[in-house]
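Topology and contacts: notes
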Amino acid sequence: MLFLSHVYGVVPSRRLGRSLGVCTIPFKTCDYACVYCQLGRTTNMTNTRQTFYPPEEILSEAREFIEAHGEESFDVVTVVGEGEPTLFKPLDAIVRGLREMTGKPLVLITNGSLLFDRELVEEIKDFDIVMPTLDAKDEESFKRINRPFGKLTYEKVYKGLLDFSKEFKGEIWLEVMLVKDYNDSDRFLGELKNRIELLGPARVYINVPARPPAEENVEIPEEETLRYARALLKAESIEELPVSSFTTSEKKSLDAVIEIIKRHPMSENDIKSFVESQFNDEFVVDLLKRLNKNPNVEKNSYRGKVFYRYILAGRRSGG
Ligand code: SF4
């Protein structure tokens, strides 16, 4: 059954190479509701870590994929979520299980909000790379950009990240999402730089809201600002590869597109080139019609393009 699938990809990325995604949580379960979230508004807001699925259920899908496609089909395994993956526990069972299946590096993509939790830090210590996010510099910007759950405070989250940075043996690659008029002023970037320097990550990446965000007033900063930010933060940009270069284990083009838009909204053109390159499918128009009728698919316009993204039926995600 497609919507229970925990394995996603393989997704090509300039940072990681070909990445096999392993998803540990149900759709849009998160302790943040970031204004820029490309998955739309958070529908399951929580900061309670839970065993959403038996670890073996997740691992058996990964095993099935690796047996079918071979280890040579990917470069890294990325634990991600359609929300925040560290809300799943026990993550160490996932790490151990994946290590038995592959010698490829294991990467965790996280918003970094729960790194103050000792139990979590213990569970993720054997990842090779952890990629947390830091968009805010203080309580006010944290509430404005990330809109965290309940009593989660900036100082608590930042301190967790700081302590984790000191003890983690693998590499930390920090990601900063820059949003026009939220966190892109010279003064803001200067203060963020000081925060980042204290963390001393191995790499810093700057991302921008390239896909439809959760909130309408979210925009990409000016190119000049991005150039300045990259130089100041000694960061690289995240340049995305075309979606048509994704590969999929799904047999039907419609299932494959839905599998992707659960994590990664696609424009109409993305869908056309993906389907044409992966399936030689001549019926793209038909597929778009079926997507339009699907109650789990939402269509919206952003920066002059029409995008498709996954939603829980009956719940508009905003944007
Ligand atoms: S961007 Fe990530 S952390 Fe923010 S709301 Fe979306 S899933 Fe959660």
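Residues numbered from 1 in each chain as written. Predicted model: local features only at pLDDT ≥ 70, side-chain atom pairs only at ≥ 80, totals over all residues. Heavy atoms only, no water.

Brief notes about the site of the ligand
Heads up, the condition is: The criterion for a residue being near a molecule or strand is simple. One of its heavy atoms has to lie within 4 Å of it. For this classification, Asp, Glu, Lys and Arg are treated as charged, while Ala, Val, Leu, Ile, Met, Phe, Trp, Tyr, Cys and Pro are nonpolar and the rest, including Gly, are polar.
All residues in the neighbourhood of the ligand are listed as Lys28, Cys30, Tyr32, Ala33, Cys34, Tyr36, Cys37, Thr42, Gly83 and Asn111. When grouped by side-chain class, the residues that make up the shell around the ligand number 6 nonpolar, 3 polar and 1 charged.

Details of the packing of aromatic side chains
For clarity, the cut-off: We call Phe, Tyr and Trp rings a pair once their centres come within 6.5 Å, taking the six-membered ring for Trp, and we label the pair stacked below 30 degrees between planes, edge-to-face above 60, and tilted otherwise. Numbering of helices and strands runs from the N terminus, with a helix taken as a DSSP run of H or I at least four residues long and a strand as a DSSP run of E at least two residues long. When a residue's accessible area, from a 1.4 Å probe over protein chains only, is under 20% of the maximum for its type it is buried; when over 50% it is exposed; and in between it is partly exposed. Geometrically, a charge over a ring is one whose NZ (Lys) or CZ (Arg) sits within 6 Å of the ring centre while staying within 35 degrees of the ring normal.
Inspection of every chain in the model, using the stated rule, returns 6 aromatic pairs. With centroids separated by 5.5 Å and ring planes inclined at 80°, the aromatic side chains of tyrosine 32 and phenylalanine 142 adopt a geometry described as edge-to-face. Of the two residues, tyrosine 32 is situated in the loop between β3 (29-30) and β4 (44-45) and phenylalanine 142 in helix α4 (residues 139-145); the sequence distance between them amounts to 110 residues. Exposure class is identical for tyrosine 32 and phenylalanine 142. Each is buried. One aromatic cluster in this structure is built from Tyr32, Phe142, Tyr154 and Tyr158. Over the ring of tyrosine 182 we find arginine 144, and its NZ or CZ is 4.3 Å from the ring centre. Over the ring of tyrosine 158 we find arginine 195; its NZ or CZ atom is 4.5 Å from the centre of that ring.

Remarks on helix α5 (residues 154-167)
The condition that has to hold: What a helix is expected to span follows from its residue count: subtract one and scale by 1.5 Å. Throughout, a contact is declared for two residues whenever any of their heavy atoms are within 4.5 Å.
The end-to-end C-alpha separation of α5 is 20 Å, in line with the 20 Å expected for 14 residues at 1.5 Å each. Looking only at α5, the buried set comprises Tyr154, Val157, Tyr158, Gly160, Leu161, Leu162, Phe164 and Ser165. Of the surrounding elements, those touching the buried residues of α5 are α3 (118-123), β7 (129-131), α4, β8 (171-177) and α6 (186-199).

Let's talk about the pairing of strand β13 (residues 305-310)
Rules: Think of it this way: DSSP has to see at least two bridges between two strands before they count as a pair.
Here strand β11 (residues 266-267) pairs with β13 via 2 bridges, running antiparallel. Within β13, the position partnered with serine 267 by the bridge is phenylalanine 307. Bridge count between strand β12 (residues 297-302) and β13: 6 bridges; the pairing is antiparallel. When the sheet's bridge partners are listed, glutamate 298 is paired in β13 with arginine 309. Here β12 folds back onto β13 in antiparallel fashion, the turn holding 2 residues, of which arginine 303 has a positive phi close to 50°.

Quick notes on the pattern of salt bridges
What counts is decided by this rule: Whenever Lys or Arg places a side-chain nitrogen within 4 Å of a carboxyl oxygen from Asp or Glu, that contact is recorded as a salt bridge.
Tallied over the full model, the rule gives 23 salt bridges. A salt bridge links arginine 263 to glutamate 82; its shortest N-O distance comes to 2.9 Å. Residue arginine 263 is located in the loop between α8 (253-261) and β11, and its partner glutamate 82 is located in the loop between β5 (76-80) and α2 (91-101); the two are separated by 181 residues in the primary sequence. Considered together, arginine 263 and glutamate 82 belong to a single accessibility category, that of buried residues. Between arginine 187 and glutamate 191 there is a salt bridge, and its shortest N-O distance comes to 3.6 Å.

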